Amino acid sequence: MAFVIMASPSSSLVFSKAPCSLPRRAATTMQGRRRATAVLVRAVAPASAEPAGGRWLPVSKTMSRLKAKGKTAFIPYITAGDPDLATTAEALRLLDACGADVIELGVPFSDPYADGPVLQASSARALAGGATPERVLAMLREVAPELSCPVVLFSYFNPIVRRGLADFAADAKEAGVHGLLVPDLPYVATCTMKSEAMKNNLELVLLTTPATPAERMKEITEASEGFVYLVSVNGVTGPRASVNSRLGSLIQEVKQATEKPVAVGFGISKPEHVKQIAEWGADGVIVGSAMVRQLGEAASPQEGLTRLENYARSMKSVLLPPSQKASHSRIFKIK
């Protein structure tokens, strides 16, 4: 899922001053009620790491293999606990069966200021239902070993600090998570977060935006591991009627700066968006708010799962060869 880069208020925490390989300057901010001074950090398993559970490859190897075959990764996002954790567990299994190459799972937070209205409402519903980081991880311990694709966990920085950076990273790994996304990670904490991620076989993936200067974008692509995350537009998360007309050239600009896979997120809500972005050369397509809407806004959990499956199949099918589309795109009736 794509997120606005945001700043966190300074705190009394003491962070390591050990050098790390991150860019010295953060990515350019997008609009929001807080201005950015931090790099959006996303950590996923290094290619050499062994899976903690399940049958899947690490994200870096998954993305690289798909890229080598000329395929585009399908990366859906859902919020844990919306409408409840039992439904989330079923949704993870369902998305895996629908052909997700990587799944992003959001940990609900009371102040999701990097998100648009759809994800803010989703987080509020999950919290009202009793979802907590501990319960999300407990659910993942049961589900992750059953999946054939890796799960990337999204969490705001505050819940991580409360638990402790080292404990949170270790607990996430134990739960079968091989990815960590922290949209409001303070720059001063980046090296410490990266260090804890590395101790737990997590790989750091950085974000670049349409407003990121060329020199800074080059620094980001050099430091990014696994793949480079390209935000399609400047703004908050949420579905949009059309894709940014500049996105094709933006993808090529990033790909000229790196041989690493490039995944695009933000505002992708229709099969034609996915098709267009894949044709423009993206190595991955991330679908968030539109995916969350299928589950969280349905009349019942079962209806939400049916809607989610139909929607996920419609998005995935445009990335498949013609011989596979007919069997993959079957539509299920909502009961």
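The structure presented is a predicted model; accordingly, all values stated were derived computationally and were not measured.

Moving on, we get to the overall build of the chain. What the chain contains, in helices and strands, is 13 helices and nine strands. For the chain, buried positions account for 59% of its 335 residues. By sequence separation, contacts in the chain at least 24 residues apart represent 77% of the contacts at least 6 residues apart.

Further remarks concern the packing of aromatic side chains. By the definition in use, this model includes four aromatic pairs. Look at Y77 and F154: their rings are 6.3 Å apart centre to centre, the planes differ by 65°, and that puts the pair in the edge-to-face class. Residue Y77 is found in strand β2 (residues 73–79), and its partner F154 is found in strand β4 (residues 151–154); the two are separated by 77 residues along the sequence. Like Y77, the residue F154 is buried in the burial classification. Residues Y113 and Y156 carry aromatic rings whose centres are separated by 5.7 Å and whose planes lie at 55° to one another, so their mutual orientation is tilted. Of this pair, Y113 sits in the loop between β3 (103–106) and α3 (117–128) while Y156 sits in the loop between β4 and α5 (157–163), and the two are 43 residues apart along the sequence. In this structure, Y113 and Y156 share a single accessibility class: buried. Linked through ring pairs, Y77, F109, Y113, F154 and Y156 together constitute an aromatic cluster.

Side chains I103 and L105 project from β3 onto one buried face, and the interleaved E104 and G106 project onto a second face that is buried too. As a crossover connection, the stretch from β2 through helix α2 (residues 85–97) into β3 is right-handed. As paired strands, β3 and β4 are joined by four bridges and run parallel to one another. If you follow G106 over to β4, its bridge partner there is F154.

For α3, spanning twelve residues, the distance from its first C-alpha to its last is 16 Å, which sits close to the expected 16 Å at 1.5 Å a residue. Those residues of α3 lying buried are V118, L119, S122, S123 and A126. Down the axis of α3, the buried set is contained in an arc of 130°. They therefore lie on one face. The outward face of α3, more than 90 degrees from its buried face, is lined by the exposed residues P117 and A128.

For the rest of this paragraph, the subject is the nonpolar core. Within the largest apolar cluster, 59 residues are counted, with the highest numbers of intra-cluster contacts made by L92, L95, L105, L140, L153, V287 and M291. By residue number, the principal contributor to this core is α2, which donates six residues. In terms of nonpolar packing, the next biggest core, distinct from the first, is built from 25 residues, L66, A114, V152 and V233 among them.

A word on the environment of K71. Mapped onto the elements, K71 comes out in the loop between α1 (59–68) and β2. Here K71 falls in the partly exposed class, since its relative accessible area comes to 43%. For the pair formed by K71 and L319, sequence separation is 248 residues and the distance between their alpha carbons is 7.4 Å. When near neighbours in sequence (up to four residues on either side) are disregarded, K71 contacts L66 and D283.

The contact between helix α11 (residues 289–296) and helix α12 (residues 301–317) brings their axes to 7 Å, and the two run at 150°. By the angle between their directions, the pair α11 and α12 is classed as roughly antiparallel. When α11 is examined against α12, the residues A290, M291, R293, Q294 and L295 are found in contact with a partner set consisting of G304, L305, R307, L308, Y311 and A312. Of the residues that constitute the contact of α11 with α12, the class distribution is seven nonpolar, two polar and two charged.

Evaluated as defined, the whole model comprises 13 salt bridges. For D101, the salt bridge goes to K316, with nearest N and O atoms at 3.3 Å. On the criterion of sequence distance, the pair formed by D101 in the loop between α2 and β3 and K316 in helix α12 is long-range, its members being 215 residues apart. Residue D101 is classed as buried on the basis of its relative accessible area of 14%. You can call K316 buried: its relative accessible area is 9%. The partner of D171 in a salt bridge is R163, with the nearest N and O atoms 2.6 Å apart. Its relative accessible area of 17% is what places D171 among the buried residues. A single network of salt bridges, built from pairs that share partners, joins E90, R93 and E146.

Scoring rules and cut-offs
Residues numbered from 1 in each chain as written. Predicted model: local features only at pLDDT ≥ 70, side-chain atom pairs only at ≥ 80, totals over all residues. Heavy atoms only, no water. Helix = DSSP H or I, 4+ residues; strand = E, 2+ residues; numbered from the N terminus. Buried < 20%, exposed > 50% of the residue type's maximum accessible area, 1.4 Å probe, protein only. Contact = heavy atoms within 4.5 Å. Phe/Tyr/Trp six-rings, centres within 6.5 Å; stacked < 30°, edge-to-face > 60°. Right-handed = clockwise from strand over helix to strand, strands pointing away. Pairing = 2+ DSSP bridges. Expected span 1.5 Å × (residues − 1). Arc of directions from axis to C-beta. Core = buried A, V, L, I, M, F, W, Y, C linked by side-chain atoms within 4.5 Å. Axes fitted to C-alpha atoms, helices over the stretch in contact; angles between N-to-C directions. Parallel < 35°, antiparallel > 145°, perpendicular 65-115°, else oblique. Nonpolar A, V, L, I, M, F, W, Y, C, P; charged D, E, K, R; others polar. Salt bridge = Lys/Arg side-chain N within 4 Å of Asp/Glu carboxyl O.

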